[in-house]
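Chain and residue survey
Listed below are the residues making up each chain.
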2 protein chains.
Amino acid sequence: SKVQIPPKNDLSSTIFTIFTFKYFTPLCPPDILRLSWSKSIMWPPGWRSGLRHCIAALAVPPETLGISLSHRASGWVRSVRPQKENLFLHVNDGSSLQSLQVVASSELNHRLLTFGSAVEISGSLVTSPSRKQDVELQADQIDVVGECNPVDFPFKIKEKHGLEYIRQFPHLRCKTNAFSSLLRIRSEATAAIQQYFKEKGFIQVHTPVLTSNDCEGAGELFQVEPAGQEKNQDEEGHQHFFSVPAYLTVSGQLHLEVMAGAFPGVYAFGPTFRAENSQSRRHLAEFYMVEAEISFTQSLEDLMKVMEDLFRSTTEHLLSQCPEDVALYHKHVSPGYRVRHQKYLKRNTMITYTEAINILNSSSKKFAFKTDWGSDLQTEHEKYLVKHCGDVPLFVTDYPYALKPFYTRDNQDQPLHTAAAVDLLVPGVGEMCGGSLREERLDLLKSRLAQAGLDETYGWYLDLRRFGSVPHGGFGMGFERYLQCVLGVDNIKDVIPFPRYSRSCLL
Amino acid sequence: SKVQIPPKNDLSSTIFTIFTFKYFTPLCPPDILRLSWSKSIMWPPGWRSGLRHCIAALAVPPETLGISLSHRASGWVRSVRPQKENLFLHVNDGSSLQSLQVVASSELNHRLLTFGSAVEISGSLVTSPSRKQDVELQADQIDVVGECNPVDFPFKIKEKHGLEYIRQFPHLRCKTNAFSSLLRIRSEATAAIQQYFKEKGFIQVHTPVLTSNDCEGAGELFQVEPAGQEKNQDEEGHQHFFSVPAYLTVSGQLHLEVMAGAFPGVYAFGPTFRAENSQSRRHLAEFYMVEAEISFTQSLEDLMKVMEDLFRSTTEHLLSQCPEDVALYHKHVSPGYRVRHQKYLKRNTMITYTEAINILNSSSKKFAFKTDWGSDLQTEHEKYLVKHCGDVPLFVTDYPYALKPFYTRDNQDQPLHTAAAVDLLVPGVGEMCGGSLREERLDLLKSRLAQAGLDETYGWYLDLRRFGSVPHGGFGMGFERYLQCVLGVDNIKDVIPFPRYSRSCLL
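Residues numbered from 1 in each chain as written. Chains lettered and ligands numbered in written order. Predicted model: local features only at pLDDT ≥ 70, side-chain atom pairs only at ≥ 80, totals over all residues. Heavy atoms only, no water.

**Topic: the pairing of strand β11 (residues 265-273) of chain B**
All names here are of chain B. In terms of residue burial, β11 counts as a mostly covered element, since 9 of its 9 residues are buried. Note: strand β7 (residues 203-204) against β11, 2 bridges, orientation parallel. Counted as the bridge partner of Ile203 is Val266 from β11. Relative to strand β12 (residues 286-295), β11 runs antiparallel, the two sharing 9 bridges. Each residue of the ladder has a partner; that of Gly265, found in β12, is Ile294. (Buried < 20%, exposed > 50% of the residue type's maximum accessible area, 1.4 Å probe, protein only. Helix = DSSP H or I, 4+ residues; strand = E, 2+ residues; numbered from the N terminus. Pairing = 2+ DSSP bridges.)

Structure (structure tokens):
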């Protein structure tokens, strides 16, 4: 063999010269690997190696080194093609969209080798004679560790199941290519978002799911009490578990604002909840939000810059880290769709609310909802505006003061009285982000809360303006809507592992 | 000036030669920075630079380059020392524990410059003549943007407030050094955990908070319905929002097991809930769990290896990335405490449950609870065992079959019938992790569920064993307990931003 036993701490890079490893598992003790390194590389049985490295390009085919690569692969059967002398299998373990081609003598075929069954296979990794893959596994032994009855299994070999069909099987849909890709994409997008904020110096804060704030989403809140107890009512003098009524959070913003009083930037990435009685393809009862709050800023443009950068860097990360998974969506799930991220979010696709109203009013299109200055923008309006502005993401800024919640910063303009809020609308999805500068001036905030009769409830929030208040602002991005936008997925239920919505909470 | 205008894409590294930047903010457009680069570097006003870089060591003092570094700093005043001619301030912006020293002429002093007030300061960054810091800001202008009345502010300058005192002010405690350090540590630990799993090829899954599973934590579950509605009862034929009763998750395990049917490894990191009526210093109603599930493994040692590695790599990351913050805890909050992570989690601090029982029974200590084989280990037992084994983290394996939930893998041994479960006990905290191999064999799982009358409820779970079942296992780690263990913090309420527990849900 021309291969030297590598120095202990350089094992991975040496193996790298043979296989383009992208993927290390926790269960490979380097010592065992070293001991077994000789003329043949035996992956130790305890090493749950993903298949991803096997199917990557061979930089140096082991045959040319005069060594053989014994390998034990585990995964689920994606296809079975018995031929006269040989049996061909495709085995996938979820580490990538690609499967490992396995070649075996026909004698190793078995009636339990069916689509969906789990297998463990020993053999040698060799350069594949076919152009379709770089490597294949010549199997010496095939064990079916978990069978899969093709009659009962809801997914059929070679059949193309639509997203709607596979959605019926929340406990099995990860076994399809489409949803397995989605889960890898979602995981990478999560990592990309966290990396983005970390690099920019933001502190991640775990804002609470349970909260006693009840104001913002009144009417769409979930309330929480221990199971088996009657929901206690204040008026009866009964005791709540938390002494006060507790709700599931609709936004971590107010809690992030607490932290913005001590850090230059903070963010949260977690579940939020709305008890909306909707079966819409854009709404869920439980969904993920990315929320950021930035201290010492006085401009909406600062916020828009962060939204833009977040969108762009996350999307670029996805396109570079899981191109095959994204391509699956663009080719098969939403044919013709391609995220135009280069075109997306160029600067200056930005209009004020007042300009938006002017655009709508000078249009010849008839809208179902009013377009007076002061009316809220409806989905039909948002769609029109996005189209009108070139079918790219569109920032709309400076909404009427009266439309916005108490914490939005007063622009103190007239006669059209606006507040410093901004929404980001994207093609196909509509509103993806919403943000605002927050009212940091104690006197203005106090009088607005007093008018709403909320100054006692939000005493703690007023305190934030009493003790070292700073100009600040923030925004929230719906994570599932982001995924819909990037992948071109029509229904939000298809981009979250376990969708929860009115009348459905499976598993 | 000897400083050349750097190539556009190399700006950061050039600046790096002047300041040891650790910290970039999103709002620095490189173009603006480049334009302002000349004899003087003017940080553009839109750039919310954190203070962290200012207080880092100057590799090349700007004075020796013949340039001046104009800078605009923002933050909160930590100390004010007026002297005859000069005013000294310490300003902190939360990007690190260290504050920036500001020196100004006494004329710039102002009655609103108090502890806790928010300031924006313009001046020149220079090498500090004092050894206490490398850099200081010579201020030209000081603006108080947010005042802070020292009489009303609950934290007093130069006073050392204990964790219990600052806990009373959940909306302000991030303004203290101790809690600001905690939040940085928590954020870094979160990043470290995610990095660990990502590098090992695990897919991150957002397991749902809302679930219709009600079994595992019966009696300690929170139930959820829309606010303002009576909690609907099945028997009355009323409609639940989700058609079925919905609860807050007590663990993402079963949902992770779904995903373990298509990936080599999956993990979740999110909030979990227990409606425990406890005021203990180790329990919360809402707390964070790290949960992992590993496919194609048949050994508890594989799981223990991952637990060990996770603990060690996260702790090493913390000690290298926020040494000052961790030191603050070890010096001031828990004096004498130092995480012995080198000593911690060496291999073979591992005993079986049966050995544990033997140790307890051969001890001369009297225990309040029974130590018969088959009894659960109580806190007093766990403490004794940890001490007995050298006061290091201790794995206890192979618990009685009857004590463990239905999903735990049957060891099929006798006469002492055990299941393949493992707990990790750590000094001071007790149980930090719990894991097990899961019963992957359909027949065994089916009969156990049938005995418990749960086979219908868990039909979907049985399906996972029908369609490509694989041997697998996993574990959960209490994130707050991990932080308690590493920092030596006695009360779990002091390691989470917004603690929720019986009779308390502030903000």
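Structure's up, so let's keep going.
**Some remarks on the relation of the copies chain B and chain A**
Each copy superposes on the other: chain B lies on chain A with an RMSD of 0.0 Å after a rotation of 180 degrees and an axial shift of 0.0 Å. Here the two chains are linked by the operation of a two-fold rotation axis. Nearest to the rotation axis, the C-alpha of Val224(B) is located 2.4 Å from it, this being the minimum over chain B. Both copies present the same face, since 99% of the interface residues in chain B are matched by interface residues at the equivalent positions in chain A. (Least-squares fit on C-alpha atoms with pLDDT ≥ 70 in both. Contact = heavy atoms within 4.5 Å.)

**Some details on helix α5 (residues 177-199) of chain A**
An α-helical segment advances 3.6 residues per turn. Residues three or four places apart therefore align on the same side. All names here are of chain A. With 23 residues, α5 should cover 33 Å at 1.5 Å per step; its first-to-last C-alpha distance of 33 Å lies within 8% of that length. Extensive coverage of α5 is indicated by the burial of 19 of its 23 residues. Immediately downstream of α5, the backbone of Gly201 shows phi near 85 degrees, a positive value. (Expected span 1.5 Å × (residues − 1).)

**Focus: the interface of chain B and chain A**
With 122 residues of chain B at the interface, the matching set in chain A holds 121 residues. Taking both partners together, chain B and chain A bury about 9500 Å²; carbon and sulfur atoms supply 65% of that area. Ranking the residues of chain B by area buried against chain A places His206(B), Phe296(B) and Phe467(B) at the top, with a combined share of 9%. At the boundary of chain B and chain A, one finds 2 salt bridges. (Buried area = accessible area lost by both parts, 1.4 Å probe. Salt bridge = Lys/Arg side-chain N within 4 Å of Asp/Glu carboxyl O.)

**Thoughts on unusual backbone geometry**
All names here are of chain A. Note the cis peptide between Gln414 and Pro415, where omega equals 5 degrees. Inspection of the secondary structure assignment puts Pro415 in the loop between β14 (394-400) and β15 (418-426). Of note in this structure, Lys158 is not a glycine but carries a positive phi near 70 degrees. Assignment of secondary structure puts Lys158 in the loop between β6 (135-146) and α4 (163-167). Classification of Lys158 as exposed rests on a relative accessible area of 80%. Backbone geometry at Ser243 places phi at a positive 70 degrees, although glycine is not the residue there.

**A word on the environment of Asn213(A)**
Note that Asn213(A) resides in the loop between β8 (210-211) and β9 (222-226). Asn213(A) sits 36 residues away from Thr249(A) along the chain, and the two C-alpha atoms are 8.1 Å apart. Setting aside anything within four residues of it in sequence, one finds Asn213(A) in contact with Tyr247(A), Leu254(A), His255(A), Tyr458(A), Trp460(A) and Leu507(B).

**Examining the sheet that holds strand β12 (residues 286-295) of chain A**
All names here are of chain A. The 8 strands are arranged β7-β11-β12-β17-β16-β15-β14-β13 in an open sheet whose pairing can be described as mixed. Of all strands in the sheet, those bounded by a partner on one side alone are β7 (203-204) and β13 (350-352). Relative to β13, helix α9 (residues 353-361) is tilted by about 90 degrees, and along the sheet it contacts β13 and β14. Across the sheet, helix α13 (residues 479-487) touches β11 (265-273), β12, β15, β16 (430-437) and β17 (472-478), and the angle it forms with β17 is around 60 degrees. (Axes fitted to C-alpha atoms, helices over the stretch in contact; angles between N-to-C directions.)

**Side note on the sheet that holds strand β13 (residues 350-352) of chain B**
Residues and elements named next belong to chain B. One open sheet accounts for 8 strands, arranged β7-β11-β12-β17-β16-β15-β14-β13; its pairing is mixed. Of all strands in the sheet, those bounded by a partner on one side alone are β7 and β13. Against the sheet, helix α9 (residues 379-388) makes contact with β13, β14 (394-400), β15 (418-426) and β16 (430-437), and its axis sits at roughly 70 degrees relative to β15, the strand it touches most.

**Quick word on the side chain of Glu120(B)**
Topologically, Glu120(B) is positioned in strand β5 (residues 118-127). Excluding anything up to four places from it in sequence, Glu120(B) contacts Phe296(A), Arg72(B), Ala73(B), Ser74(B), Gln141(B), Ile142(B), Asp143(B) and Val145(B).

**Description of the confidence of the model for chain A**
Residue and element names in this part refer to chain A. Confidence in the prediction for chain A averages 84 pLDDT; 81% of positions are at 70 or higher. Across residues 1-60, confidence stays below pLDDT 50; counting only partners more than four residues off in sequence or on other chains, it has 144 contacts. When the criterion is pLDDT under 50, residues 231-237 qualifies, and its contacts beyond four places in sequence or with other chains add up to 16 contacts. Among the prediction metrics, the complex's ipTM stands at 0.90, with pTM recorded as 0.89. (pLDDT = per-residue confidence, 0-100.)

**Quick notes on the domain arrangement of chain A**
Residue and element names in this part refer to chain A. In terms of domain boundaries, chain A breaks down into domain 1 (2-146) and domain 2 (174-494). In this complex, domain 1 contributes 8 residues to the contact, which on the side of domain 2 involves 9 residues. Here domain 1 and domain 2 share an interface that buries about 650 Å² over both sides, 37% of which is from carbon and sulfur atoms. Put simply, domain 1 and domain 2 have 3 residue pairs in polar contact (both at pLDDT 80 or more) between them. In terms of residue class, the side of domain 1 that touches domain 2 is made up of 2 nonpolar, 4 polar and 2 charged. (Domains from an automatic or database assignment. Polar contact = N/O pair within 3.5 Å; in protein donor to acceptor, adjacent residues only side chain to side chain. Nonpolar A, V, L, I, M, F, W, Y, C, P; charged D, E, K, R; others polar.)

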